[in-house]
Amino acid sequence: MRGAGEEPEIRELKLTESIFQELAELSRNIYFFEGIPVENLNELCQDIGLFEFPADTSIVRQGSPGDSFFLMYSGRAKVRVKRGFLRGTLEVATLVRGHVFGEMALVNDDHKRRASIRAKENTFMMAFEREALEQLAADEPAIGLEVYRALAGALAKRLSVASGHAAHFKAMALKHN
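Residues numbered from 1 in each chain as written. Predicted model: local features only at pLDDT ≥ 70, side-chain atom pairs only at ≥ 80, totals over all residues. Heavy atoms only, no water.

J.: Honestly, empty space enclosed by the protein in this entry has me stumped. Any pointers?
T.: Sizing a probe to match a water molecule and rolling it over the atoms shows the empty space that remains. Using the criterion set out here, one finds 1 cavity of 30 Å³ or more in the structure. Taken as a whole, the largest cavity holds about 80 Å³ of empty space. Around the largest cavity sit 12 residues that line it, and Leu44, Phe128, Glu129, Ala132 and Leu133 are the ones nearest its centre. Listing elements by their share of the lining of the largest cavity, those giving two or more residues are strand E9 (123–129) and helix H3 (130–139). Residue composition of the lining of the largest cavity, by class: 10 nonpolar, no polar and 2 charged. (1 Å grid on protein atoms, 1.4 Å probe; cavity = no way out; pocket = protein on both sides within 12 Å on 5 of 7 lines; lining within 4 Å. Points joined across faces, edges and corners; volume = space filled by probe spheres on them. Helix = DSSP H or I, 4+ residues; strand = E, 2+ residues; numbered from the N terminus. Nonpolar A, V, L, I, M, F, W, Y, C, P; charged D, E, K, R; others polar.)

Next comes the structure, spelled out in structure tokens:
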């Protein structure tokens, strides 16, 4: 039995050729990687880590520094946002295979996580570290440019969706006033 406040051990797994091929194939079907040629995607996937997070383990904490982008390989994780001392914490999403998070950590040196993410069950995540992406961009500028374009597109898409939600909620608030 774990003591109060203890987290289960997070393990980094050895990437076998078959897991690597499956991860590369999964990546090809993720919006974040759209537009990156397959051979360049394979190059990007050379620098990933695969981590196992046991059930009820913290993956990232709101407010902590971010330096990695994650792709759900398997499992389920809950996304929670602290809304202030009196308003508590709100569960805003559940992540499953193929979902991504942490993109801002790849472009912002002093990025702080905007939500906490916790494994609901045994969960496996791919992690792309900012340092590895920067090194890839330095070594292979054409690949780096494609990755950063994909990142900019993904962030623009997310901003557009968020803006649409904000406009919807603003209209609803005005309707009820």
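J.: I would appreciate a short explanation of the pairing of strand E6 (residues 89–95) in the present structure.
T.: Successive residues of a regular strand alternate their side chains across the two faces of the sheet. As judged from the 6 bridges shared by strand E5 (residues 77–82) and E6, these two strands associate in the antiparallel manner. Its bridge partner being in E6, valine 79 is matched across the sheet by alanine 93. The antiparallel hairpin formed by E5 and E6 contains 6 residues in its connecting segment, where glycine 84 sits at a positive phi of about 115°. (Pairing = 2+ DSSP bridges.)

J.: Would you take a moment to explain the environment of serine 74 for this structure?
T.: Looking at where serine 74 falls in the secondary structure, it is placed in strand E4 (residues 68–74). Not counting the four nearest positions on each side in its chain, serine 74 is found in contact with Asn122, Thr123 and Phe124. (Contact = heavy atoms within 4.5 Å.)

J.: Quick question: what am I supposed to make of the packing of aromatic side chains here?
T.: Two descriptors summarise a pair of aromatic rings, namely the distance from one centre to the other and the angle between the planes of the rings. Summed over all chains, the structure comprises 2 aromatic pairs. Measuring from centroid to centroid gives 5.5 Å for phenylalanine 69 and phenylalanine 128, while their planes differ by 40°, and the two rings are tilted. Taken together, the residues phenylalanine 69 in strand E4 and phenylalanine 128 in strand E9 connect sequence positions 59 residues apart. As far as the burial class goes, phenylalanine 69 and phenylalanine 128 line up, both buried. (Phe/Tyr/Trp six-rings, centres within 6.5 Å; stacked < 30°, edge-to-face > 60°. Buried < 20%, exposed > 50% of the residue type's maximum accessible area, 1.4 Å probe, protein only.)

J.: How do you make sense of the pairing of strand E2 (residues 48–53) when you look at a structure like this?
T.: Burial analysis of E2 places 6 of its 6 residues in the buried class, the great majority of the element. With burial as the criterion, each face of E2 is covered, one bearing Ile48, Leu50 and Glu52 and the other bearing Gly49, Phe51 and Phe53. Direction of pairing for strand E1 (residues 11–13) relative to E2: antiparallel, over a ladder of 3 bridges. Paired with arginine 11 across the two strands is glutamate 52, which belongs to E2. Where E2 and E9 come together, 6 bridges link them in antiparallel fashion. Looking at E9, one finds that isoleucine 48 is bridged to phenylalanine 128.

J.: So what exactly am I meant to see when it comes to the layout of surface pockets here?
T.: Considered as a void within the structure, the second largest pocket measures approximately 180 Å³ in volume. Every residue along the wall of the second largest pocket is listed here: Ser58, Val60, Arg61, Gln62, Lys78, Arg80, Lys82, Thr89, Ser116, Ile117 and Arg118. If you list the elements that add at least two residues to the lining of the second largest pocket, you get strand E3 (58–60), E5 and strand E8 (116–119). Split by residue class, the lining of the second largest pocket holds 2 nonpolar, 4 polar and 5 charged.

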